[in-house]
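# Overview (structure and organization)
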Amino acid sequence: MTNKKIYLLYPKKIGIIAPEIYGHFTEHIGGVFYDGLWVGKDSEIPNINGFRKEIVEKLKQIKAPVLRWPGGCFAETYDWRDGIGKNRPTRLNWWTKWDGRYESNEVGTHEFMDLCEMTGAKAYFAANITSVNALHIQRWMDYCMSPKGSTTLAKEREENGHPEPFDIPFWGVGNENWGGGGNMTEEFYASEFRRLNMIMKTAFPGREYIICGSDGEDYAWTDGVMRGVKTAHYKPELQGFAMHYYTGLGADKVNDNPVDFGKDGWNRIIKKAANIENVIKRNWNIIKGHGLACEPKLIVDEWGCWHRDGSGPSQGYNLFEQQSTIRDAAVAALSLNVFNNHCDKVRMANIAQLCNNLHALFLAGGKNCITTPTFHVFDMYKEHQNGQCIETLVTDNGEIEKSVSVSASVKDGKTTVTLVNLSCEEDTEITFASLEGIIPQKATGKLLYNENMCAHNTFDNPDAVVPQNVEIDVSKPFVLKKTSILSIEF
Ligand code: AHR
């Protein structure tokens, strides 16, 4: 057993934790929508306006703040006109080559916005900048956001059942334009961004415009696009830099068994996930170094574990569907702690993806619908949303220590602390200390723990990993078992 001291440095405030840090990514890929989130209005499966009722309710429970749509790579060959009105065409899409599936367009702008309106999540649209022209993007914005009765497209929206404009505060200018979104160079993309940003912000000022950011540690992209967006004549309206960071891609993805791993598999994934903190800091420094007047913040647009394919309930039918264990929950808990602790830099973060894909919160198919351990992390962490993040420090014998991840925030007079023991071998004794001496005796919260770090929920055993309620006297040392995740409030 090791001993850690966790200092809650109350007077030192980092900033307000934007609720959007707890955001989600919903792409038209594999089983995210069809037979995942969406079952259709005529389905026997309980649904609200075609979306699984259970998922709509659980998204409200975790206060899902934002949903990014329609991709991902899918966005870059998406034609919004296919997804409105009565006669919707079936199309090839960006992913057809990988899974042989076609897009029915049953879920389009109105259905997606319905999901946002039902759950209270804000909408973040990714515009196609690779295979349509600027006017096409502007017309989508016009259709969605022009006032009732104003333009021909606003009237068409009304005919399709939504007289009032849709509220879409976030607009991504492309997706992964260094790769699937057109294989552009930094210089070329920056110039495209300037051109499109001008059209978009002129039509609809006051939205948050998001530039395609880097993949993993590609800092040359960060530097190149930031250098390129600024010209003598043009001042970009740019609020977010959308970095993508996946844990487990490349060699790890091939070797990594999502549900059967040992100490090495645990440590490799945790180490890669923890590195997101360095990526955040370096990207931030590069962006700051370019001194843009609009001061863009970081959007961790897509993040999460990307294991090898085929371990989910559909056994490979749904592209990139994977099971999610205690290890994935630990990665989620660690990443959210990092985002909280850098909330002065991070404006939004969207875990990829919400259902039946990569680091999912839900696995569903037919009548089955279960939550993964990662869903429980989002539920356990939700009180951080809009909290004032305070600095924390973990030490072991006076040395700064990284094997316990922690973040803390204060809201309405209550402190929320979330911790993860990142060791899969050793329990640790935790002692809280505060410079202001206000550690109370009683804290209540939830603990997510299973003695098997490969434990996960299945359709047959949906509650193998669920949190338990705990009450802890935090004025005294207490034990945080290996791999466990704890959220407490006092
Ligand atoms: O999340 C799956 C895919 O991963 C997205 O479409 C793309 O943006 C990323 O490469």
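Everything that follows concerns the structure shown earlier in this document.
For the structure given in this document, a descriptive report is provided here. All figures in this text were calculated on a predicted structure; none of them were measured in a lab. (Residues numbered from 1 in each chain as written. Predicted model: local features only at pLDDT ≥ 70, side-chain atom pairs only at ≥ 80, totals over all residues. Heavy atoms only, no water.)

Below, the discussion takes up empty space enclosed by the protein. Summed over the entire model, instances satisfying the criterion amount to two cavities of 30 Å³ or more. There is about 60 Å³ of room inside the largest cavity. Considering the residues around the largest cavity, the lining is formed by Pro70, Ala75, Tyr78, Trp80, Ala126, Ala127, Asn128, Val132, His136, Ile137 and Trp140. Only strand S6 (122-127) and helix H4 (134-145) provide two or more residues apiece to the lining of the largest cavity. The wall of the second largest cavity is formed by Tyr245, Thr247, Ala273, Ile276, Trp303, Gly304, Val331 and Ser335. Residue composition of the lining of the second largest cavity, by class: five nonpolar, three polar and no charged. (1 Å grid on protein atoms, 1.4 Å probe; cavity = no way out; pocket = protein on both sides within 12 Å on 5 of 7 lines; lining within 4 Å. Points joined across faces, edges and corners; volume = space filled by probe spheres on them. Helix = DSSP H or I, 4+ residues; strand = E, 2+ residues; numbered from the N terminus. Nonpolar A, V, L, I, M, F, W, Y, C, P; charged D, E, K, R; others polar.)

Counted under the stated rule, the structure contains 21 salt bridges. The partner of Asp379 in a salt bridge is Lys382, and the shortest N-O contact between them spans 2.8 Å. Like Lys382, Asp379 is buried. Asp473 is the partner of Lys476 in a salt bridge, and the nearest nitrogen-oxygen pair spans 3.4 Å. A relative accessible area of 26% means that Asp473 is categorised as partly exposed. (Salt bridge = Lys/Arg side-chain N within 4 Å of Asp/Glu carboxyl O. Buried < 20%, exposed > 50% of the residue type's maximum accessible area, 1.4 Å probe, protein only.)

It is worth spelling out the nonpolar core at this point. One finds Phe125 and Tyr189 to be the most contacted residues of the largest nonpolar core, which totals 124 residues. Counting residues per element, this core draws most heavily on helix H11 (residues 326-341), at 10 residues. Setting aside anything within four residues of it in sequence, one finds Phe125 in contact with Trp69, Thr109, Phe112, Met113, Trp140, Cys144, Ile168, Phe170, Trp171 and Gly172. By size, the runner-up hydrophobic cluster in this structure holds 22 residues, among which are Ile6, Val404, Ala443 and Ile488. (Core = buried A, V, L, I, M, F, W, Y, C linked by side-chain atoms within 4.5 Å. Contact = heavy atoms within 4.5 Å.)

Among the nine residues that make up helix H12 (residues 373-381), nine are buried, leaving the element largely enclosed by the rest of the structure. Within H12 the residues assigned to the buried category are Pro373, Thr374, Phe375, His376, Val377, Phe378, Asp379, Met380 and Tyr381.

Here Gly180 lies in the loop between strand S7 (170-173) and helix H6 (186-203). On a C-alpha basis, the gap between Gly180 and Trp94 in space is 8.8 Å, while along the polypeptide they are 86 residues apart. Ignoring sequence-local partners within four residues, the contact set of Gly180 consists of Cys73, Glu76 and Trp94.

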